[in-house]
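# Commentary on secondary and tertiary structure
Chain by chain, the residues run as shown.
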Amino acid sequence: MIVCTNITKTYGTGETATPVLKGISFTIKEGEFVAIMGPSGSGKSTLMHILGCLDTPTSGTYVLAGHDVSELSDDELAEVRKNKIGFVFQSFNLLPRASVLRNVALPLSYAGVPREKREAQAVRALAAAGLLEDRWHHLSNQLSGGQMQRVAIARALVNSPAIILADEPTGNLDTKTGEIVLGTFQELNRAHRHTIVLITHERYVAEHADRIIHIQDGAILKDAKNPRTIAARPSHE
Amino acid sequence: MTLADIAAETYASLTVNKVRSGLTMLGIVIGIASVIAMVSIGQGARGSIEASIQSIGSNLLLVFPGAQRGPGMQVSAGRGSAQSLKQEDADAIAKEVQFVKAVAPEISRRYQVAARGTNTNTQVVGTVPVYPEVRNIQVEEGSFITEAHVQGFSKVAVLGPTARDDLFGEGADAVGQTIRINRVDFKIIGVTKQKGGSGFGSQDDMLFVPLTTAQRFLAGDTYVTTISVQASEQSAMSAVQEEITNILLDRHRIADPALADFSVLNQADIVETASSITNTFTMLLGSIAGISLLVGGIGIMNMMLTTVTERTREIGLRKAIGAKRRDISAQFLAESAALTLLGGVVGVAVGWFIAWGVSRFAGIATSVSWSAVLLACGVSTLIGLVFGYYPARRAAALNPIEALRYE
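Residues numbered from 1 in each chain as written. Chains lettered and ligands numbered in written order. Predicted model: local features only at pLDDT ≥ 70, side-chain atom pairs only at ≥ 80, totals over all residues. Heavy atoms only, no water.

Covalent bonding between the sulfur atoms of two cysteines defines a disulfide. Residues and elements named next belong to chain A. Per the stated rule, a full pass over the model turns up 0 disulfides over all chains. Its sulfur unpaired, Cys4 is 9.9 Å from the next cysteine sulfur, which belongs to Cys53. The exposure class of Cys4 is buried, given its relative accessible area of 3%. (Disulfide = S-S within 2.5 Å. Buried < 20%, exposed > 50% of the residue type's maximum accessible area, 1.4 Å probe, protein only.)

Before going further, it helps to spend a moment on the sheet that holds strand β1 (residues 2–11) of chain A. All names here are of chain A. Taken in spatial order, the 4 strands make up an open sheet running β2-β1-β4-β5, and their pairing is antiparallel. Of all strands in the sheet, those bounded by a partner on one side alone are β2 (18–28) and β5 (67–68). Sheet topology places β1 next to strand β4 (residues 59–64); 5 bridges connect them, and they run antiparallel. Bridging from a neighbouring strand, Ile2 pairs with Leu64 of β4. (Pairing = 2+ DSSP bridges. Helix = DSSP H or I, 4+ residues; strand = E, 2+ residues; numbered from the N terminus.)

This part is about the sheet that holds strand β9 (residues 211–216) of chain A. All names here are of chain A. Pairing is mixed across the open sheet formed by 6 strands, whose spatial order is β6-β7-β8-β3-β9-β10. The open sheet is flanked by β6 (85–88) and β10 (219–225), the only strands paired with a single partner. Geometrically, the sheet is characterised by an average inter-axis angle of 15° between neighbouring strands, direction not taken into account. Sheet analysis places strand β7 (residues 163–167) next to strand β8 (residues 195–200), joined by 5 bridges and oriented parallel. From the neighbouring strand, Ile163 faces β8, where its bridge partner is Thr195. (Axes fitted to C-alpha atoms, helices over the stretch in contact; angles between N-to-C directions.)

All names here are of chain B. Counting buried residues along strand β8 (residues 206–210), 5 of its 5 residues qualify, which places the element largely inside the surrounding structure. Across 5 bridges, the pairing between strand β3 (residues 118–127) and β8 is parallel. Looking at the pairing, Thr127 lines up with Pro210 of β8. Across 2 bridges, strand β5 (residues 156–159) lies against β8 in antiparallel orientation. Along β8, the bridge assignment pairs Val158 with Phe208.

Attention shifts here to the interface of chain B and chain A. Of the residues lining the interface, 24 residues belong to chain B; the matching set on chain A comes to 23 residues. Between chain B and chain A, a total of about 2,200 Å² is buried, with carbon and sulfur atoms accounting for 57% of that surface. Where chain B meets chain A, there are 4 salt bridges. The salt bridge partner of B:Asp5 is A:Arg115, with a shortest N-O separation of 2.5 Å. Connecting chain B to chain A are 8 residue pairs in polar contact (both at pLDDT 80 or more). If you list the elements that add at least two residues to the side of chain B that touches chain A, you get α1 (3–16), α10 (312–320), α11 (325–362) and α13 (400–405) of chain B. (Contact = heavy atoms within 4.5 Å. Buried area = accessible area lost by both parts, 1.4 Å probe. Salt bridge = Lys/Arg side-chain N within 4 Å of Asp/Glu carboxyl O. Polar contact = N/O pair within 3.5 Å; in protein donor to acceptor, adjacent residues only side chain to side chain.)

Take the packing of helix α2 (residues 18–54) of chain B against helix α9 (residues 267–310) of chain B next. One way to put it is that α2(B) packs onto α9(B) with a least axis distance of 8 Å and a crossing angle of 175°. Judged by the angle between their axes, α2(B) and α9(B) are roughly antiparallel. (Parallel < 35°, antiparallel > 145°, perpendicular 65-115°, else oblique.)

Moving residue by residue along a regular strand, the side chains alternate between the two faces of the sheet. Residue and element names in this part refer to chain B. Taken across its 6 residues, strand β9 (residues 226–231) has 6 buried, putting it largely inside the fold. Burial along β9 is two-sided: Thr226, Ser228 and Gln230 and Ile227, Val229 and Ala231, pointing in opposite directions, are all buried. Bridge analysis of strand β1 (residues 60–65) against β9 gives 4 bridges, and the strand direction is antiparallel. The residue of β9 that forms the bridge with Val63 is Ile227. The pairing of strand β2 (residues 100–115) with β9 spans 6 bridges and is classified as antiparallel. If you follow Glu106 over to β9, its bridge partner there is Thr226.

Function-wise, these values are silent; they only describe arrangement.
See the structure below:
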C-alpha cells in the first residue's frame, strides 16, 4: 500500500538548509495499523505531510497504492488526496455551524458523487465511526470533543480511502475520550480492514497500533510489531 | 464541485454572518440605487425637454428676420427685429422648396388686449389657417382662422387658453364675445387646447388673428416676423434648411451668406443641443453615483479578504480533502458575485422606488430604462468578480499545511 524509499526533506537551501528527514524507508501493507511515534521536532509531522500528499519529498520515492506520487503538481496531489487519503486532525477541523451530515459529506462534493447518493454514504461512514444516530443532524459546534473527532473520522472514511492518516487524533481530548477514539480506530482496522497510520508523540497512544515506527532526528530509530496488540488480536490473523 | 454545490456553499457561508453580509451588500445597494435614480432623473429631464421642443411642432424650421442695422452702424437692434421677411418670401418657400409640407408665415407682437373691463398684455399672432398644423396646436372650442378670414381681412380672433382665462375667467365660454386689440374690435371664434408651459415661452398665452388683418389693422405693414416651415420628413430637414437659405439669399439679392438678413433655425438642431446638454448632465450624475458603487465594491473586497483570513483553516481542510485551486477560487468568487448580484437586484428596486418618489413628490420627470437596469446588474456582478478575484486567488493559493496550522 505504502512504499517509502530513502525519503529526505530539506527546508531552505544553501547555508540555511535544514534537513528534517534524512533518508526514511519503510513499507506499510494493506490493512495494517501503524503508529509513527517521535518527540516534537523529530520530523514526524513532515513525514505525515508527505504521506498525506500535502507535500512532496526533496528526494526519494513514495509509492502509494501502486502510483509514484513523489513528484506530482499541486492539483495532482489534490486528486490523490481526494481519492486515496482520509485525514483526521488533532483539532478536528469541522465546518462550524454546519450539520454533522454536511460535514461528513463534504469530501463527496469534491469527488463528484451525485448529491442523492451522498447522504447514504455519509450515514454509512457515521455508523462505522460509531456516532449515535441522534447526533447526525446536530450542528458540529454543538458536539463534545469526542463526538467531533468521530465526525472527523467518519469524514475521513466516507470516500473509502486507501489509507487513513490520523495526526495526533487524541491531542485535544481527555484520556478517557481519547481511549474511546483510539478504540474506534482499532475497530475500523480489525472489523473493516482499513489501513491506518497514526502519528503521535505519546507512547500510550502509539501502543494502540499493531506496529510502531519510532522516529528521531529525521531517521527511523526502531520499527517493530507491538507485542501487546498482536497478542490481543483475534486468531484468524 | 457542481454548480449546485457551489450555490449551496455560497448560501451557507453568506447566511453564517447575516449582518456582515447585509452591510457589505448595502454598499452595493446604495451604489446601484443611486446610479439608477440619478440616470433616471437625467433621462427624465431629457425626455421632458425633448417633448417640450417637439410640442412646438414636428419637423419644424423657423425662419427669422435678421438684425436691424442702419447703414454703416455697428449697433444692432437685435436678431429678429429687422423687417426683412415678407409674405412673398413665404409663398416662394412654399412653391420652390422640395419636401415642404406646409408654410405658415406669422406676424406677432405684444399688445394690450381688453375685454369688458378686464385687460391683459399678450402675444398677438397674425397667421394663416395652416398654422395649427405646423405648430402643433389644437382647437378646443369653435374653429381656427379660415382662408376666407384671411382673404376678407376679417376681424376675428382665436384665444389661447391662458389668454381666455385672463380675459374672461377660468374656463369661461369666450366664443362669440368681443375683445379689443389696439382699439380694434375682434370677434372670438375659437379657443385652442392647453399645451402646458414648455419652458420656451407659453404657447397658451397667445391670441391668433388672420395674417392680413394683423398686417393692415395692427402692424400697418406687410412684413412677417417668423415663417414656420414644416418639412415632410425628418431626414429632409437639413436639405430644406439649405434650400430655404439659398432661395431667400437669392430673393434678397445677398451674395455673401454671412451677411444674410435672416436666419433659419432647425428644430432638430435645438433637440440635439438640448440632448447633448442633458446627456452631459446624466453622465455627471451617473458618474457621481458610480463612485459610490466603486466604494461598495471595495467594501466587498474588504469583506472577502476578512473572510478568507477567518476561514484559513477551513480552506486548508478543504484542500486536504481534495479541493483544487479552482474549487476554492470558484467558491469565493461565487460568494462575492452572489453578494453583488443580490445587492444589484435590491439596488435596482430601491433606485426605481427613489425615481418614482422623485417624480411623485418632487415633480421631476424620471424615466428608468431597461438598459440602465441591465447595465447596473451587469456592472454590479462584474464588480463582484473583479473585487472578489484577488481574495479568491489568495484563498486558492494558500498552502494546505500552513492553512491547517493557522491559528
